[in-house]
Protein chains: 2
Amino acid sequence: MEKRKIDYTLYLCTDRGLMSSPSLEEAVAEAVLGGAGVVQLREKDIDAREFYELAVRIKKITAAHGVPLIINDRIDIALAVDADGVHIGQRDIPAKQVRKMIGADKILGVSAATLEEALKAVEDGADYLGIGAMYVTGTKEDARLVTMEELKRIRAAVPVPIVVIGGINLQTLEHFKGTGIDGLAVVSAVMAASDVQAAARELIKRWTVAEGRSAE
Amino acid sequence: MEKRKIDYTLYLCTDRGLMSSPSLEEAVAEAVLGGAGVVQLREKDIDAREFYELAVRIKKITAAHGVPLIINDRIDIALAVDADGVHIGQRDIPAKQVRKMIGADKILGVSAATLEEALKAVEDGADYLGIGAMYVTGTKEDARLVTMEELKRIRAAVPVPIVVIGGINLQTLEHFKGTGIDGLAVVSAVMAASDVQAAARELIKRWTVAEGRSAE
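Parameters and conventions
- Residues numbered from 1 in each chain as written.
- Chains lettered and ligands numbered in written order.
- Predicted model: local features only at pLDDT ≥ 70, side-chain atom pairs only at ≥ 80, totals over all residues.
- Heavy atoms only, no water.
- Helix = DSSP H or I, 4+ residues; strand = E, 2+ residues; numbered from the N terminus.
- Rg over C-alpha atoms; globule rule 2.2 N^0.38 Å.
- Buried < 20%, exposed > 50% of the residue type's maximum accessible area, 1.4 Å probe, protein only.
- Contact = heavy atoms within 4.5 Å.
- Areas by Shrake-Rupley, 256 points an atom, 1.4 Å probe, with all protein chains shown as cover.
- Polar contact = N/O pair within 3.5 Å; in protein donor to acceptor, adjacent residues only side chain to side chain.
- Least-squares fit on C-alpha atoms with pLDDT ≥ 70 in both.
- pLDDT = per-residue confidence, 0-100.
- Axes fitted to C-alpha atoms, helices over the stretch in contact; angles between N-to-C directions.
- Parallel < 35°, antiparallel > 145°, perpendicular 65-115°, else oblique.
- Left-handed = near helix turned anticlockwise from the far one by under 90°.
- Buried area = accessible area lost by both parts, 1.4 Å probe.
- Salt bridge = Lys/Arg side-chain N within 4 Å of Asp/Glu carboxyl O.
- Pairing = 2+ DSSP bridges.
- 1 Å grid on protein atoms, 1.4 Å probe; cavity = no way out; pocket = protein on both sides within 12 Å on 5 of 7 lines; lining within 4 Å.
- Points joined across faces, edges and corners; volume = space filled by probe spheres on them.
- Nonpolar A, V, L, I, M, F, W, Y, C, P; charged D, E, K, R; others polar.

The helix and strand inventory of chain A stands at 8 helices and 8 strands. In terms of C-alpha radius of gyration, chain A reaches 16 Å, essentially the compact-globule figure of 17 Å for 216 residues. Taken along the three principal axes of its C-alpha coordinates, chain A extends 45 × 40 × 35 Å. A buried classification covers 55% of the 216 residues belonging to chain A. Sequence separation of at least 24 residues holds for 61% of the intrachain contacts in chain A that already meet a minimum separation of 6. Of the roughly 9,300 Å² that chain A leaves accessible, carbon and sulfur atoms contribute 50%.

Written out as structure tokens, the structure reads:
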């Protein structure tokens, strides 16, 4: 997986609790068919063995479609299944230590909510940033909210790809046109849809149209 | 830390919830002064950053006393702080994968409750086994109980050091004399004591006396 070729336009974060699909494997396959360019496995309430076994199964799907698999928080599970990368937050193992553990080739994503956190993350080796929460969301209720002004400051200051996260859906994505972000990280807007593939496709289409309008 | 020189006689598992000591650092230091030969950091309800920072602090204490620090479950945190080893259960990342991640020199401990699990763990690279739960305990209420007969079968079958865990205290340790185990893994019998150092010392003394009697 060549890091620089990743398409961040639609970045899927999994959440089995939200699914209408019969299995996470099916939801991920559908999302990827719908155009999701990155899949982040984010599962909090399972033991490490279950997370590991799930990651083994999901990696078969993402690898078959040429889409990178990113593991949230558990660097050990990412290493055990040879995932394409890891995503960490401000309350996980520090980015600098994580970069040492995963080496230069694996993708390192870091969540940041302030310009200071964003600059530190890039300095510590982040390949991309997840900026948010942009809106209040049911999937991460304790998240700090990021203003549009802070997002723009971060965008102006960092050279790495940025995805926005937290309450991103067909309505809210319109607010990000012209901000220079690289993609939309979604959880429920895709995971909770009755037709996951169509939901992914529609988000990409609307975002492409919005960006097209802003570029006019 | 030379793996073959480890003294498993008193193996401390931490649990901040049970402590009467003002800090985990103080409890660990006292336990080591009392004779604990291994310290396993086992903390479930904290985020990865807090676990990491705690491990950094605890490692300074164990290293100063020449006692190995073992990290429970989170191989990534063990690698990040360069701990002496890891301990995994049957619901963690499989032992074979863990051995690959940590290399040959780090200590790998595996929990087992049956002869089959014990043999598999050794085959997959375990340096020692934690056998239990021997008794019902408040710190791990869902644990499967191991009979004394099964413990003896495991002892007869595996060449690596064995510590027993689960309800081990001044009373129950008497039941293990003559079984050929290498040590006692304790949580509350030391962590919850008002004088941690004295509790550790007394457990070792009683065990030494019990083993001496059984050797007569």
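Turning to the environment of B:His65, a few remarks are in order. Residues and elements named next belong to chain B. Positionally, His65 belongs in the loop between α2 (48-64) and β3 (69-72). Taking the C-alpha atoms as reference, His65 lies 30 Å from Ala118; in sequence the two are 53 residues apart. Once residues within four sequence positions are removed from consideration, His65 is found in contact with Val32 and Leu33. Within the local environment of His65, its side chain forms a polar contact with the backbone oxygen of Ile61, the two atoms lying 2.8 Å apart.

Mapping between the two copies of the chain is achieved by a rotation about an axis and a shift along the axis. Rotating chain A by 180 degrees about the axis while translating it 0.0 Å along that axis superimposes it on chain B, leaving an RMSD of 0.0 Å. Overall, the copies show the geometry of a two-fold rotation axis. Using C-alpha coordinates, one finds that chain A approaches the rotation axis most closely at A:Asp76, a distance of 2.4 Å. A shared interface surface links the copies, since 100% of the contact residues of chain A are contact residues in chain B too.

For chain A, per-residue confidence averages 94 on the pLDDT scale, and 97% of positions sit at 70 or higher. Two summary scores accompany this predicted model of the complex, namely pTM at 0.93 and ipTM at 0.92.

Let us look at the packing of helix α1 (residues 24-33) of chain A against helix α2 (residues 48-64) of chain A. Residue and element names in this part refer to chain A. Following both chains from N to C, one finds α1 and α2 inclined at 25 degrees, their axes separated by 10 Å at the closest point. Relative to α2, the element α1 is oriented roughly parallel. α1 and α2 meet at a crossing whose hand is right-handed. In this structure, α1 contributes Leu24, Glu25, Val28 and Ala29 to the contact, and α2 contributes Leu54, Arg57, Ile58, Ile61 and Thr62.

On the chain B side, the residues contacting the 20 residues of chain A number 20 residues. When chain A packs against chain B, the two sides together hide about 1,800 Å² of surface, and 52% of this comes from carbon and sulfur. Ranking the residues of chain A by area buried against chain B places A:Arg49, A:Asp76 and A:Arg91 at the top, with a combined share of 33%. Inspection of the region where chain A meets chain B yields 4 salt bridges. Our count for the contact surface shared by chain A and chain B stands at 17 residue pairs in polar contact (both at pLDDT 80 or more). Those elements giving two or more residues to the side of chain A that touches chain B turn out to be α2, α3 (75-80) and α4 (95-102) of chain A.

Glancing now at the environment of B:Thr147. Note that B:Thr147 resides in the loop between β6 (128-132) and α6 (148-157). As a C-alpha pair, B:Thr147 and B:Val38 span 109 residues in sequence and 25 Å in three-dimensional space.

To continue, consider the sheet that holds strand β2 (residues 38-41) of chain A. Residues and elements named next belong to chain A. Taken in spatial order, the 8 strands of this closed barrel run β1-β2-β3-β4-β5-β6-β7-β8, and their pairing is parallel. The mean angle between the axes of side-by-side strands here comes to 25 degrees, regardless of whether they run parallel or antiparallel. Where strand β1 (residues 10-13) lies against strand β8 (residues 183-186), 3 bridges are found, and the strand directions are parallel. Following the sheet pairing, Tyr11 is matched in β8 by Ala185. Across the sheet, α2 touches β2 and β3 (69-72), and the angle it forms with β3 is around 160 degrees.

Residue and element names in this part refer to chain B. Sheet architecture is closed into a barrel: 8 strands sit in the order β1-β2-β3-β4-β5-β6-β7-β8, paired in parallel fashion. Recorded for the sheet is a direction-independent mean angle of 25 degrees between the axes of neighbouring strands. Each of β4 (85-88) and β5 (107-112) touches helix α4 (residues 95-102); the most contacted strand, β5, lies at about 165 degrees to it.

A probe as big as a water molecule, rolled over the atoms, marks out the empty space that is left. Here the second largest pocket defines a volume of roughly 160 Å³. Taken together, A:Arg49, B:Ile88, B:Gly89, B:Gln90, B:Ile93, B:Pro94, B:Ala95, B:Val110, B:Glu117, B:Lys120, B:Ala121 and B:Asp124 make up the full set of residues lining the second largest pocket. Counting residues per element, the lining of the second largest pocket draws most heavily on helix α5 (residues 115-123) of chain B, which supplies 3 residues. Partitioned by chemical class, the residues of the lining of the second largest pocket number 6 nonpolar, 2 polar and 4 charged.

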